[in-house]
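Residue-level listing of the chains:
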Amino acid sequence: MMSGKEKLKERMDRILNRIGHVQPDHWNLKLDDWEWNAGVCLYGIQKAAVATKDGRYESFMEAWFDRNAEKRKTGSVNTVIPANGALCLYKLRGERRYLDICSQYADWCLNKALRTSNGGLAHVWSEGGLEDYRNQLWIDSLFMAGIFMIRYGMWSHNEPLVRAGMEQFDIHIRCQFDPQARLFYHGYHCIDNKTLGEFWGRGNGWAAVSLVELLDELGSGSGEASSSAGANVSGWARGYREVFLKLMERAYRLRLDDGMLRTLPEEPEAYPELTATALFGYAALKGARLGILDERFREWGMQAVDASWTHSTEEGEVMLASGGTDCQEKAGYLRVPYAQTLYAYGIVLLLFSEAFEADHV
């Protein structure tokens, strides 16, 4: 009889196999694309590679970069996230080509990215973007670009990149975190000076994971990246920790009996949604492992693992994940259908990898 850890690894392997055999008949499943959808999927795969030490995950990533490195593009925060996989492969293999990719996207984030009037990373979708998006912040950007800026900046001793990454966290928190609700709005319009959208589940999940990854980096001993950066790290970390604790406590109180979160966590009529649940589950498990969160959150994280197991199939399909979502009125969020997406596969792998690595199963 297989142990719980062996069963979890088998399900992870089936998800990886499913990813490798999807038919790209829609953007949701387009693997060979230097964009956020494939990038989030790769983020989950890189976590699985590190957690399981199974060379198949590393080989999958290598093959993806072999096919797509020459097709890489810039112009949007959504094109930065694959660079996390390049950094992971450089650490594992030491091949210069991966480091060159990281350097390119670090330079873009620091010197070339389109910024809003308050200095935030504009959430444009492609080179130049739709005109109105040039003035918008989305909470997604912390996950799509902010994590890489901090992680690569700390690792490469690039003080300006670390500072710029922290400034992005500061700007998004200042504009989008509601201290009364203790949740993030989906977006913010920097010309109209108003929030956009609702307290969206997956968006708050992006924020939760981004914050716990940030706190891990700041507390990992990498603060020596430079003396001046190191002098500011502890003060910054305290502020981020406070926001993270407030966000996690609020989400914990909004969870359903099975640990799931709704696509709009505060709205009783909203449907249960797996990507929000899995993102918060990862943040809960990792936050507990790092000693930031208490035992309640480890238990909630394992509820999220159970829910993600229940809503993924023997064939590796991930169910109850909402499709791509724009900033909109409440009714619009409630109408976004469930969809098969690469980002959902990556998010579930992210959660399962943390549970596997921390030996919670």
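Everything below is about the structure shown above.
Described below are features of the structure shown in this document. Since this is a predicted model, take the numbers as computed values, not measurements. Sequence order sets the numbering: in each chain, residues are counted from 1 along the sequence as written. Side-chain atom pairs in this predicted model are given and counted only at pLDDT of 80 or more, local residue features only at pLDDT of at least 70, and totals for whole chains, interfaces and linings cover all residues. Only hydrogens and water are set aside; all other atoms, that is, all heavy atoms of the structure, feed into the side-chain values.

### What to know about the overall build of the protein
- When its secondary structure is counted, the protein shows 13 helices and seven strands.
- We compute the radius of gyration over the C-alpha atoms and compare it with the globule rule, which gives 2.2 Å times the number of residues raised to the power 0.38. The C-alpha atoms of the protein give 19 Å as radius of gyration, which agrees with the globular expectation for 361 residues (21 Å, within 12%).
- In terms of its C-alpha atoms, the protein occupies a principal-axis envelope of roughly 55 × 50 × 40 Å.
- Contacts are assigned to residue pairs with any non-hydrogen atoms lying within 4.5 Å of each other. Expressed as a percentage of contacts within the protein between residues at least 6 apart in sequence, the contacts between residues at least 24 apart total 71%. Elements are defined by DSSP. Helices are runs of H or I of four residues or more, strands are runs of E of two residues or more, and each kind is numbered from the N terminus.

### Examining the side chain of Ser312
- Considering the arrangement of structural elements, one finds Ser312 in the loop between α11 (295-310) and α12 (330-335).
- Each residue gets one of three labels from its accessible area relative to the maximum for its type: buried under 20%, exposed over 50%, partly exposed in between, using a 1.4 Å probe on protein chains only. For Ser312, a relative accessible area of 6% puts it in the buried group.
- A distance of 2.9 Å separates a polar atom in the side chain of Ser312 from the backbone oxygen of Ser308.
- Each residue touching Ser312, except ones within four places of it in the same chain, is listed here: Arg11, Glu317 and Val318. Pairs of N or O atoms are called polar contacts if they sit within 3.5 Å, as long as, within protein, a hydrogen donor faces a hydrogen acceptor (for residues adjacent in sequence, only side-chain-to-side-chain pairs).

### Examining the packing of aromatic side chains
- Any two rings among Phe, Tyr and Trp, with Trp reduced to its six-membered ring, count as a pair given centres within 6.5 Å; such a pair is stacked if its planes are under 30 degrees apart, edge-to-face if over 60, and tilted if neither. This model, assessed by the stated rule, comprises 22 aromatic pairs.
- Here Tyr90 and Trp155 contribute two aromatic rings whose centre-to-centre distance is 5.7 Å and whose plane-to-plane angle is 80 degrees, an arrangement assigned as edge-to-face. Remark: Trp155 occurs in helix α6 (residues 140-155) and Tyr90 occurs in helix α4 (residues 82-93); sequence separation between them is 65 residues.
- Of the residues examined, Trp155 reaches a relative accessible area of 34% and is grouped as partly exposed.
- Taking 6.4 Å as the distance between ring centres and 55 degrees as the angle between the ring planes, the aromatic pair formed by Phe297 and Trp300 counts as tilted. Residue Phe297 and its partner Trp300 are both found in helix α11; the two are separated by three residues, about one turn of the helix.
- Linked through ring pairs, Trp34, Trp64, Phe65, Tyr98 and Tyr105 together constitute an aromatic cluster.
- Our definition puts a charge over a ring when NZ of Lys or CZ of Arg is within 6 Å of the ring centre and also within 35 degrees of the ring normal. We note Arg11 situated over the ring of Trp309; from NZ or CZ to the ring centre the distance is 3.9 Å.
- Positioned above the aromatic ring of Tyr252, the side-chain terminus of Arg296 is 4.9 Å from the ring centre.

### Describing helix α5 (residues 96-112)
- The length a helix should cover is 1.5 Å for every residue beyond the first. Along its 17 residues, α5 runs 23 Å from first to last C-alpha, staying within 8% of the 24 Å computed at 1.5 Å per residue.
- Those residues of α5 not exposed but buried are Tyr98, Leu99, Ile101, Cys102, Tyr105, Ala106, Trp108 and Cys109.
- In this fold, the buried residues of α5 make contact with α3 (55-68), α4, α6 and α7 (159-176).

### Some thoughts on the packing of helix α10 (residues 274-289) against α11
- With axes taken as lines fitted to C-alpha atoms, and helix axes fitted only over the stretch in contact, angles between N-to-C directions fall between 0 and 180 degrees. Where α10 contacts α11, the two axes come as close as 8 Å, and the packing angle between them is 145 degrees. The handedness of the crossing between α10 and α11 comes out as left-handed. Where α10 approaches α11, its residues Leu274, Thr277, Ala278, Phe280, Gly281, Ala284, Leu285 and Ala288 are matched on the opposing element by Phe297, Arg298, Trp300, Gly301, Met302, Ala304, Val305, Ala307 and Ser308.
- The nonpolar class holds Ala, Val, Leu, Ile, Met, Phe, Trp, Tyr, Cys and Pro. Asp, Glu, Lys and Arg form the charged class, and all remaining residues, Gly among them, are polar. Taken together, the residues of the contact of α10 with α11 sort by class into twelve nonpolar, four polar and one charged. Here a crossing is called left-handed whenever its near helix is offset anticlockwise from the far helix by less than a right angle, and right-handed whenever the offset is clockwise.

### Some thoughts on the sheet that holds strand β5 (residues 194-196)
- Between any two strands, pairing holds if DSSP finds at least two bridges. The strand order β1-β4-β5 describes an open sheet built from three strands, whose pairing is antiparallel. The sheet terminates laterally at β1 (136-138) and β5, the two strands that pair on one side only. The mean inter-strand angle of the sheet, taken between neighbouring strand axes irrespective of direction, is 25 degrees.
- Here three bridges tie strand β4 (residues 187-189) to β5, and the two strands are oriented antiparallel to one another. Across the sheet, the residue bridging to Gly187 is Leu196, located in β5.
- Contacts from α7 reach β1, β4 and β5, with the element oriented near 100 degrees to β1.

### With respect to the packing of α5 against α7
- Between α5 and α7, whose axes approach to 10 Å, the crossing angle comes to 60 degrees. One finds that α5 runs oblique with respect to α7. Crossing of α5 over α7 shows left-handed handedness. Side by side, α5 and α7 meet where Ala106, Cys109 and Leu110 of the first sit next to Pro160, Leu161 and Ala164 of the second.
- Here the contact of α5 with α7 is built from residues that sort into six nonpolar, no polar and no charged. Roughly parallel means an angle under 35 degrees; roughly antiparallel means over 145; roughly perpendicular covers 65 to 115; every other angle is labelled oblique.

### Considering the layout of surface pockets
- Grid points spaced at 1 Å over the protein atoms alone were grouped into cavities, where a 1.4 Å probe fits but cannot get out, and pockets, open sets with protein on both sides within 12 Å along at least five of seven lines, with lining residues defined by an atom within 4 Å of a point. Grid points are joined across faces, edges and corners, and a volume is the space filled by probe spheres set on the points. In this structure, the largest pocket encloses a volume near 490 Å³.
- Around the largest pocket, the lining comprises 22 residues; the ones closest to its centre are Lys47, Val50, Lys91, Arg151 and Glu217.
- Sorting the residues of the lining of the largest pocket by element identifies α2 (36-52), α4, α6, α8 (201-218), α10 and α13 (342-357) as the ones contributing at least two each.
- Here the lining of the largest pocket gets five residues from one element, more than from any other, and that element is α4.
- For the lining of the largest pocket, the class distribution of residues is eight nonpolar, five polar and nine charged.
- Contributions of two or more residues to the lining of the second largest pocket are made by α2, α6 and α8.

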